[in-house]
Amino acid sequence: MQPADLADDELAAECLKRSGADRAPYLEELFRRHYAQVARWCYRFTNDRDAAADLAQDVFLKAHRSFDSFRGQAKFSTWLYSIARHEGINRTQRKGPAMADEELLADVAASDEGPDEAAQSGQRGRRLRELLFATLDRTERTVFTLHYGKELPLETITRMLALDNASGAKAYIVSARRKLARASGRIKARGELL
Amino acid sequence: MSPQDGIRGRELLQAAIGPTAECVPIERFASLSANELAHVERCAHCEAELSLWQQFEANEPSADEGAAVQWIATELARRRAPNSAAIRAPRFNWFGGRAFAALAAGLLVMVAIGYSVIDREPSIGALPGDVSTYRGSAIHVAEPVGDLTAAPERLRWLPHSAAARYDVVIHEIDGTTIWSGSSTAPEVTLPRSVITQFAPGRSLTWEVTARDPSGAIVARSGTQRFRVVPRS
């Protein structure tokens, strides 16, 4: 059976059974099927055709070099995604931190620095996680996590999540900060820490 | 705020919404167990990672990116030519030049056909009136997505906090509806008569729409594709 006649997982299985030149046509077909998918992902990360082509090239180069680490336990597209995600986020983060929200950071940092600081930090992390789920809806939480956790720029998040409202991720981060500020105010009013 | 407070606040925030030992590996996203799904529903990190992965798997073109994606995909093929004048990075010679010209030409034709027939960009126009309130809100789909080894018996997604009911529809690739239904739970079990239509190799799409008690749309999953892989 020709490579083009095989489904993705069958192609991946053939690749795993073969090596060198014997593997090449199967791996080539498998990669080719995901060009547009990876191209789209990279374009959303970079918003620039040339930069996206360079990023996509690196993704496939890394996939080719590390194919032996693919065990066939996950879908090939998911394995490829893990490479694309890693390369994309690394490249975006290398451009510099996106986080610059002093008010939010000050709220989070505010604490009674007691003798058991690690335990307090753990408790604060738990409280913050609970606050996120109690206060924000799913899209707000996802945008918040990608912006403050992964330090992705809001424009990148807008494209990655295909948000098509007028102001994209910015609207969600503004709404999230407003909700969190209100919730934080209520917590402080009770004399508790965020 | 002192610089130290800023650094500390940043570290605490990233620790609070960063990954933990309990987080679900990306490789598991295509087939989440009940326990993993329960974790995702209360973990901001996994929830965000799942959203990114679903966007990758859905592979849906946005209105303004079709031409760029086509160019990048073509450029990827072009860069594989070991002797091409257009090559940017000689390191990208994966398999040598065997049949490159035929492959590149074939790819160009396939990409062109794919974009004109399958992957056509949606027209840019006014949004439907009933989705103007929360257009960006998404439903996160659990299964089925992508290539499957067996016909799915149910469709699952993460619950949406504002949903009173979910409308589900399954389409053929050409848009023909083969089944639609509603559920108040974030899943629906498919009738046997529908499951038998999931023939190996046949690609299908499905979408779930969350509606509030008044029937207004509060979130959509976007189009999800799946197919049962043919056995050789």
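Rules behind the numbers
- Residues numbered from 1 in each chain as written.
- Chains lettered and ligands numbered in written order.
- Predicted model: local features only at pLDDT ≥ 70, side-chain atom pairs only at ≥ 80, totals over all residues.
- Heavy atoms only, no water.
- Helix = DSSP H or I, 4+ residues; strand = E, 2+ residues; numbered from the N terminus.
- Contact = heavy atoms within 4.5 Å.
- Areas by Shrake-Rupley, 256 points an atom, 1.4 Å probe, with all protein chains shown as cover.
- Pairing = 2+ DSSP bridges.
- Axes fitted to C-alpha atoms, helices over the stretch in contact; angles between N-to-C directions.
- Salt bridge = Lys/Arg side-chain N within 4 Å of Asp/Glu carboxyl O.
- Buried < 20%, exposed > 50% of the residue type's maximum accessible area, 1.4 Å probe, protein only.
- Parallel < 35°, antiparallel > 145°, perpendicular 65-115°, else oblique.
- Left-handed = near helix turned anticlockwise from the far one by under 90°.
- Nonpolar A, V, L, I, M, F, W, Y, C, P; charged D, E, K, R; others polar.
- Polar contact = N/O pair within 3.5 Å; in protein donor to acceptor, adjacent residues only side chain to side chain.

A. Quick look at the overall build of chain B. Counting its regular elements, chain B contains six helices and nine strands. Taking contacts inside chain B between residues at least 6 apart in sequence as the whole, the part at least 24 apart equals 58%. When the accessible surface of chain B is summed, it comes to about 11,000 Å², and 54% of that surface belongs to carbon and sulfur atoms.

B. Structural detail: the sheet that holds strand S3 (residues 154-157) of chain B. Residue and element names in this part refer to chain B. The sheet built from three strands is open, its strands ordered S1-S3-S6 with antiparallel pairing. Each having just a single partner strand, strand S1 (141-143) and strand S6 (187-189) make up the two edges of the open sheet. Within this sheet the neighbouring strands show an average axis-to-axis angle of 20°, counted without direction.

C. Up close: the pairing of strand S8 (residues 217-220) of chain B. All names here are of chain B. Judged from the three bridges that link them, strand S7 (residues 204-211) and S8 form a sheet pairing that is antiparallel. Paired with Arg211 across the two strands is Ile217, which belongs to S8. Count of turn residues in the S7/S8 antiparallel hairpin: five residues, of which Gly215 carries a positive phi of about 95°.

D. Highlighting the pattern of salt bridges. Residue and element names in this part refer to chain A. Scanning the model with the defined rule gives 30 salt bridges over all chains in all. With a closest N to O distance of 3.1 Å, Arg33 and Asp8 form a salt bridge. Of this pair, Arg33 sits in the loop between helix H2 (20-32) and helix H3 (35-46) while Asp8 sits in helix H1 (residues 8-17); the two residues are 25 residues apart in sequence, bridging distant segments of the chain. Take Asp8: its relative accessible area is 16%, and that puts it in the buried class. For the salt bridge of Glu29 with Arg33, the shortest nitrogen-to-oxygen distance reads 2.8 Å. For Glu29, a relative accessible area of 11% gives the class buried.

E. Just the packing of helix H4 (residues 49-65) of chain A against helix H4 (residues 66-78) of chain B, in detail. Across the interface, H4(A) lies against H4(B) with an axial gap of 9 Å and an inter-helix angle of 45°. Of the possible angle classes, the one that applies to H4(A) and H4(B) is oblique. Here H4(A) runs over H4(B); the crossing is right-handed. Here Arg49(A), Asp50(A), Ala52(A), Ala53(A), Ala56(A), Gln57(A) and Phe60(A) of H4(A) come into contact with H4(B), specifically with Ala68(B), Trp71(B), Ile72(B), Glu75(B) and Leu76(B). Looking at the contact of H4(A) with H4(B) residue by residue, the class counts come to eight nonpolar, one polar and three charged.

F. Representation of the packing of H3(A) against H4(A) within the structure. All names here are of chain A. Here H3 crosses H4 at 130°, and the two axes come no closer than 8 Å. As judged from the angle between their axes, H3 and H4 are oblique. Classified by chirality, the crossing of H4 by H3 is right-handed. On H4, the residues touching Tyr35, Val38, Cys42, Tyr43, Phe45 and Thr46 of H3 are Arg49, Ala51, Ala52, Leu55, Ala56, Val59 and Phe60. Taken together, the residues of the contact of H3 with H4 sort by class into eleven nonpolar, one polar and one charged.

G. Main features of the environment of Tyr81(A). In this structure, Tyr81(A) sits in helix H5 (residues 76-94). Considering only alpha carbons, one finds Tyr81(A) and Ala63(A), 18 residues apart in sequence, at a separation of 9.9 Å. Once residues within four sequence positions are removed from consideration, Tyr81(A) is found in contact with Trp41(A), Ile26(B), Glu49(B), Leu52(B), Trp53(B) and Phe56(B). Reaching out from Tyr81(A), the side chain makes a polar contact with the backbone nitrogen of Trp53(B) at a distance of 3.4 Å.

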